[in-house]
Amino acid sequence: MSQASLSPIFEFADRFVDEQSALDPNLATSRGIPGYDHLLTDLSPVGHEQRAAHLRGALAELRELSVTNDDDRRARDFIIERFETSLANFNAGNWLRAISAIAWPAGSLRSIFDLMLRDGEAAWANIVDRVKAVPSALAGLQETYELGLTRGVLAARRQALAAAEQVGTWATNQWFNTLVDEAAARNDVPATMRADLATAATLANDAFGAFAAYLRDEYAPAADLNDACGPDRYALGVRAM
């Protein structure tokens with residue numbers, strides 16, 4: 001279907017994905033959307049607020065669009081439900097306590113590199129830029145957790161300790177050095193780029209080590225001793241799934 005033949009609702013959905021990609025580069029990479037692989041998602045409170053504001057504006061716009069057929073109706077109803085659920089999670093403050101040993105923002109900062117293209121100098125330039133951005137991304141995430149502590153919106157202590165062990169392992173094993181080794185074995189990565197990557201990898205490993213210490217020594221002692229999330233958070237989690 002050409003862009004010109006899209007209904008207003010499908011044109012909206014197409015445009016929304018582009019706008020969302022700019023606000024969430026990690027998500028863009030996971031979806032295979034090019035153009036954002038040199039960036040990391042802003043995990044600070046400012047970044048979270050920007051994405052929530054975008055959702056609110058998009059939801060208001062979508063509600064005003066005309067439904068022309070059943071495809072439009074189904075798409076509109078589905079998107080509205082997903083937007084409302086995402087905003088309900090945001091309003092509940094769950095982004096302030098998103099700490100887990102299974103799926104959580106710091107884990108995405110590591111695993112996103114597994115999804116990146118590897119062939120060619122341009123692909124490795126993106127990897128270098130993204131590794132350079134890791135310390136700043138972790139600092140923003142720590143700022144978010146600090147805000148959660150201030151507001152009393154806390155993750156479970158057991159989750160914080162497990163997450164600290166996870167990121168601490170990446171630091172101890174110097175995971176980002178595996179990218180340096182991979183680049184060194186290729187013919188399409190210039191020497192200057194390999195040197196930049198080595199420097200950035202050291203800083204990223206150190207940043208994860210410091211972040212592990214923060215979770216273990218500062219966050220966990222103040223975290224929620226109760227593992228259970230309660231009926232309200234559970235219901236919202238089920239809705240999100």
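Refer to the structure presented above.
Residues numbered from 1 in each chain as written. Predicted model: local features only at pLDDT ≥ 70, side-chain atom pairs only at ≥ 80, totals over all residues. Heavy atoms only, no water.

Peer 1: Any chance you could break down the overall build of the protein chain for me, citing the residues and the numbers?
Peer 2: Along the protein chain, the regular secondary structure elements total eleven helices and zero strands. Ordered by position from the N terminus, the helices and strands of the protein chain form the series α-α-α-α-α-α-α-α-α-α-α. Oriented by its inertia axes, the alpha-carbon framework of the protein chain measures out at about 55 × 50 × 25 Å. When contacts within the protein chain are restricted to residue pairs at least 6 apart in sequence, those whose partners lie at least 24 apart make up 80%. Of the roughly 12,300 Å² that the protein chain leaves accessible, carbon and sulfur atoms contribute 54%. Each charge class in the protein chain can be summarised by its mean position, and for the 22 positive and 33 negative side chains these summaries are 4 Å apart. (Helix = DSSP H or I, 4+ residues; strand = E, 2+ residues; numbered from the N terminus. Contact = heavy atoms within 4.5 Å. Areas by Shrake-Rupley, 256 points an atom, 1.4 Å probe, with all protein chains shown as cover. Lys, Arg positive; Asp, Glu negative; His and termini not counted. Charge placed at Lys NZ, Arg CZ, Asp CG, Glu CD.)

Peer 1: I'd like to hear about the side chain of His54, residue by residue, with values.
Peer 2: By the element assignment, His54 lies in helix α3 (residues 45–63). Engagement of the side chain of His54 in a polar contact is seen with the side chain of Glu19, the distance being 2.8 Å. When sequence neighbours within four positions are dropped, the list of residues in contact with His54 reads Phe16, Glu19, Gln20 and Leu23. (Polar contact = N/O pair within 3.5 Å; in protein donor to acceptor, adjacent residues only side chain to side chain.)

Peer 1: Give me the lowdown on the packing of aromatic side chains, citing residues and values where you can.
Peer 2: Counted under the stated rule, the structure contains 14 aromatic pairs. Geometrically, the ring pair formed by Phe90 and Trp95 is stacked, given 5.1 Å between the ring centres and 5 degrees between the ring planes. Assigned by exposure class, Phe90 and Trp95 land together as buried. An aromatic cluster of at least three residues, connected via ring pairs, comprises Trp104, Tyr145, Phe211, Tyr214 and Tyr219. Geometry around Trp170 places Arg110 over its ring, the cationic atom sitting 5.8 Å from the centre. (Phe/Tyr/Trp six-rings, centres within 6.5 Å; stacked < 30°, edge-to-face > 60°. Buried < 20%, exposed > 50% of the residue type's maximum accessible area, 1.4 Å probe, protein only. Lys NZ or Arg CZ within 6 Å of the ring centre and 35° of its normal.)

Peer 1: Go over helix α1 (residues 8–23), please, and point to the residues and values.
Peer 2: Its 16 residues give α1 an end-to-end C-alpha distance of 22 Å, which sits within 8% of 22 Å, the value for a rise of 1.5 Å per residue. Listing the buried residues of α1 in full gives Ile9, Phe12, Phe16, Gln20 and Ser21. On the buried face of α1, the contacting elements are α2 (25–31), α3 and α4 (70–91). (Expected span 1.5 Å × (residues − 1).)

By themselves, these figures tell us nothing about what the structure is for.
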